[in-house]
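Take a look at the letters that make up each chain.
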Amino acid sequence: MKVVKTVAELKDFVRAEKNAGHQIGLVPTMGFLHEGHLALAEKARKDNDAVIMSIFVNPLQFGPNEDFERYPRDVERDTKLAAAAGVDCLFVPEVEEMYPAPSVVTMTVAARTDKMCGVKRPGHFDGVVTVVTKLFHLAQPDKAYFGLKDAQQFAVIDGLVNSLNFPVEIIGVETIREEDGLAKSSRNVYLTEEERIQAPYLQKALQLGVQSAVQGEKSTEKVIERTISYLQEHAGAAVDYVELLSYPELEPLEQVQGKMVLAAAVNYSKARLIDNIIFNVNEGR
Ligand code: PAF
């Protein structure tokens, strides 16, 4: 596996792969890799001739009071894991390499951001689409892989690609979970021992909500209420939001119908956890 730190080196790698007629898969990450990221890399490995993984903690997508400085990092360990997952080129740029000068053009996401995490994280998705656009231009992937745990991020990137005609297919990969159902996340390390025991109730609450919808509850409000009260009873965390929206448009629905996402965010003492279930009342999950 090649480890490259500069845009010039990455471009050389991409040029050689393109000249060889190879199909490229891109796995953008912020590092501190877990099985969720490795599942993306493994899928990319199966689908493509060459796999590029990026590790870049993107300052643009962190708010002033968020965890940019303390976001967990371990590039040495990540390098070994990426190589074992079959990555061909690991791109690990410094901030100055990605953003060498103030940008002449900035990006603002116009839809799908005024709900869920977008409400509490203004500017977050502008930062995400900016870095993803740069990575798409640099790596020129045929396919790019994102985890569906960040359902809103996937919906926003879907909007980016479709609105601006990016020549890339985006692939959403199912959330990888711990045995007790907690979604794998780099931020799980912030949980205390007691919180770690309570955290799986986030997924259980969502399952309960989805179950009631699938079993015939038509009122989105009631599905949301049920999910919230189960969370409040069991999860031991402050509920930030529970929303049931159309997917991937993320529009509010009066009635349970079609393809939807039931999503929640909760705050523990040092960790903000998100999770969701994307489902279709007509077809089940
Ligand atoms: O999902 C993430 O890890 C990040 O938001 C991404 C897509 C790598 C952009 O920085």
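Keep in mind the model is a prediction, meaning the values are calculated, not measured. (Residues numbered from 1 in each chain as written. Predicted model: local features only at pLDDT ≥ 70, side-chain atom pairs only at ≥ 80, totals over all residues. Heavy atoms only, no water.)

Q: Account for the UniProt feature "binding site: beta-alanine" (unreviewed entry) in the chain, naming residues and giving values.
A: Following the UniProt record, one finds the feature "binding site: beta-alanine" (unreviewed entry) at Gln61. Within the element layout of this structure, glutamine 61 appears in the loop between strand E3 (50-55) and helix H3 (75-84). (UniProt positions renumbered as here; feature names shortened; annotations may be inferred. Helix = DSSP H or I, 4+ residues; strand = E, 2+ residues; numbered from the N terminus.)

Q: Explain the site of the ligand residue by residue, including any values.
A: In the region of the ligand, the neighbouring residues are Pro28, Thr29, Met30, Gln61, Val131, Phe146, Asp150 and Gln153. Contact between the ligand and glutamine 61: an oxygen atom at 2.7 Å from a side-chain N or O atom of the residue. Contacts to the ligand include glutamine 153, whose side-chain N or O atom sits 2.7 Å from an oxygen atom. In the shell around the ligand, the residues fall into 4 nonpolar, 3 polar and 1 charged. (Near = heavy atom within 4 Å. Polar contact = N/O pair within 3.5 Å; in protein donor to acceptor, adjacent residues only side chain to side chain. Nonpolar A, V, L, I, M, F, W, Y, C, P; charged D, E, K, R; others polar.)

Q: Which residues make up the packing of helix H9 (residues 201-214) against helix H10 (residues 220-234), and what are the values?
A: At their nearest, the axes of H9 and H10 sit 9 Å apart, and the two run at 155° to each other. As summarised for this structure, H9 and H10 are arranged roughly antiparallel, according to the angle between their axes. Read as a crossing pair, H9 and H10 show a hand that is right-handed. Counting all contacts with H9, which are made through Tyr201, Leu202, Lys204, Ala205, Leu206, Leu208, Gly209, Ser212 and Ala213, the residues of H10 involved are Val223, Arg226, Thr227, Tyr230, Leu231 and His234. (Axes fitted to C-alpha atoms, helices over the stretch in contact; angles between N-to-C directions. Parallel < 35°, antiparallel > 145°, perpendicular 65-115°, else oblique. Left-handed = near helix turned anticlockwise from the far one by under 90°. Contact = heavy atoms within 4.5 Å.)

Q: Lay out the packing of aromatic side chains with the relevant residues and their values.
A: The description of an aromatic ring pair uses the distance of the two centres, along with the angle that the planes make with each other. In this structure the tally under the stated criterion is 6 aromatic pairs. Residues phenylalanine 136 and phenylalanine 146 carry aromatic rings whose centres are separated by 6.5 Å and whose planes lie at 70° to one another, so their mutual orientation is edge-to-face. Of this pair, phenylalanine 136 sits in helix H6 (residues 124-139) while phenylalanine 146 sits in strand E5 (residues 143-147), and the two are 10 residues apart along the sequence. As far as the burial class goes, phenylalanine 136 and phenylalanine 146 line up, both buried. Here the aromatic rings of tyrosine 201 and tyrosine 230 are separated by 6.2 Å at their centres, their planes lie at 50°, and the arrangement is tilted. On the criterion of sequence distance, the pair formed by tyrosine 201 in helix H9 and tyrosine 230 in helix H10 is long-range, its members being 29 residues apart. Accessibility expressed as a relative area gives 26% for tyrosine 201, which makes it partly exposed. By way of ring pairs, the aromatic residues Phe62, Phe68 and Tyr71 are connected into one cluster. Geometry around phenylalanine 68 places arginine 73 over its ring, the cationic atom sitting 5.1 Å from the centre. (Phe/Tyr/Trp six-rings, centres within 6.5 Å; stacked < 30°, edge-to-face > 60°. Buried < 20%, exposed > 50% of the residue type's maximum accessible area, 1.4 Å probe, protein only. Lys NZ or Arg CZ within 6 Å of the ring centre and 35° of its normal.)

Q: Which residues make up the side chain of serine 185, and what values do they have?
A: Mapped onto the elements, serine 185 comes out in the loop between strand E6 (169-173) and helix H8 (193-198). Of the residues examined, serine 185 reaches a relative accessible area of 17% and is grouped as buried.

Q: Explain the environment of leucine 273 to me, using residue names and the numbers behind them.
A: By the element assignment, leucine 273 lies in strand E9 (residues 272-280). Residues leucine 273 and leucine 191 lie 82 residues apart in sequence; the distance between their C-alpha atoms is 9.6 Å. Aside from chain neighbours lying at most four places away, what touches leucine 273 is Leu182, Asn188, Leu191, Ala199, Leu202, Ala264, Ala265, Val266 and Tyr268.

Q: How would you sum up the environment of proline 248? Please name residues and give values.
A: By the element assignment, proline 248 lies in the loop between strand E7 (238-246) and strand E8 (259-267). In sequence terms proline 248 and leucine 40 are 208 residues apart; their C-alpha atoms lie 20 Å from each other.

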